[in-house]
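Report on the structure
Each chain is listed here by its residues.
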Amino acid sequence: DTEVTQTPKHLVMGMTNKKSLKCEQHMGHRAMYWYKQKAKKPPELMFVYSYEKLSINESVPSRFSPECPNSSLLNLHLHALQPEDSALYLCASSQGQGGNTIYFGEGSWLTVV
Amino acid sequence: AQSVTQPDIHITVSEGASLELRCNYSYGATPYLFWYVQSPGQGLQLLLKYFSGDTLVQGIKGFEAEFKRSQSSFTLRKPSVHWSDAAEYFCASRRDGQNFVFGPGTRLSVLP
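Residues numbered from 1 in each chain as written. Chains lettered and ligands numbered in written order. Predicted model: local features only at pLDDT ≥ 70, side-chain atom pairs only at ≥ 80, totals over all residues. Heavy atoms only, no water.

Examining the nonpolar core
With 26 residues, the main nonpolar core has Leu19, Trp35, Leu47, Leu48, Phe74, Leu76 and Tyr89 of chain B as its most contacted residues. If you list the elements that add at least two residues to this core, you get β2 (10-14), β3 (19-21), β5 (32-38), β6 (45-50), β8 (64-68), β9 (73-78), β10 (87-94) and β12 (106-111) of chain B. Here tyrosine 89 of chain B is in contact with Gln6, Leu21, Trp35, Tyr36, Val37, Leu47, Phe63, Leu76, Gly105, Thr106 and Leu108 of chain B, once residues within four sequence places are set aside. Counting residues in hydrophobic clusters, the runner-up holds 22 residues, among them Met46, Phe64, Cys68 and Leu78 of chain A. (Core = buried A, V, L, I, M, F, W, Y, C linked by side-chain atoms within 4.5 Å. Buried < 20%, exposed > 50% of the residue type's maximum accessible area, 1.4 Å probe, protein only. Helix = DSSP H or I, 4+ residues; strand = E, 2+ residues; numbered from the N terminus. Contact = heavy atoms within 4.5 Å.)

See below:
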């Protein structure tokens, strides 16, 4: 079983809604990640937090807003999304940033209608 | 730029047959190498990893992988495939201070 927990598992939202995806890990990892995965494609990196500070933003549109309240939690706030944002959103963590193994959660399936 | 290739988009094997999935990376120095499996509707699960040392690494679920520096390859193998192994398999690499780079994935189908 993965030690990275994501909620909700499924989310359907309208283009004017505001929602959040949540991620929690209790492995003492200090780096946390958000990835986006479309069907039949590898995961694409969106954001990296290292020691609770945003260290990488891969030119993600501002309608996605990450937040790291503490070393165990990572949120992804969603607002004014487009249908093409529908995808599997994966949270992951690693002991540190770079050169370490990344452990993934089960993902949150997002559908924008 | 870093890149990982998986030559086979889709592989079909019969249950009980052996499996070999190929992965090649392009770097000057050996990166850290990983194989992940993703079952339908699930996240990615780590099967095994190679950092250094013995070029044959053992993983979970009966998988093993062989690293060959001369061929820049990291080949995943399983002697006898089970129906539950049907999934998408991603090879990935990482260097110190760099992000993960994923291959495009190989979809495995298992015939009964």
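Some remarks on the pattern of salt bridges
Residue and element names in this part refer to chain A. Enumeration over the complete set of coordinates arrives at six salt bridges over all chains. Of the charged contacts, one joins arginine 30 and glutamate 52 as a salt bridge, the two residues approaching to 3.1 Å between their closest N and O atoms. Linking arginine 30 in the loop between β3 (18-25) and β4 (31-37) with glutamate 52 in the loop between β5 (44-50) and β6 (53-57), this pair joins segments that are 22 residues apart in sequence. Using a relative accessible area of 35% as the deciding quantity, one classes glutamate 52 as partly exposed. The partner of aspartate 85 in a salt bridge is arginine 63, and the shortest N-O contact between them spans 2.7 Å. Of this pair, aspartate 85 sits in the loop between β8 (73-79) and β9 (87-94) while arginine 63 sits in the loop between β6 and β7 (64-70), and the two are 22 residues apart along the sequence. (Salt bridge = Lys/Arg side-chain N within 4 Å of Asp/Glu carboxyl O.)

With respect to the layout of surface pockets
All names here are of chain B. Approximately 320 Å³ is the volume attributed to the second largest pocket. Of all the secondary structure elements, the ones that give two or more residues to the lining of the second largest pocket are β10 and β12. The element contributing the most residues to the lining of the second largest pocket is β10, with three residues. Along the lines of polarity and charge, the residues of the lining of the second largest pocket split into eight nonpolar, five polar and five charged. (1 Å grid on protein atoms, 1.4 Å probe; cavity = no way out; pocket = protein on both sides within 12 Å on 5 of 7 lines; lining within 4 Å. Points joined across faces, edges and corners; volume = space filled by probe spheres on them. Nonpolar A, V, L, I, M, F, W, Y, C, P; charged D, E, K, R; others polar.)

What is shown is where atoms sit, not what they do.
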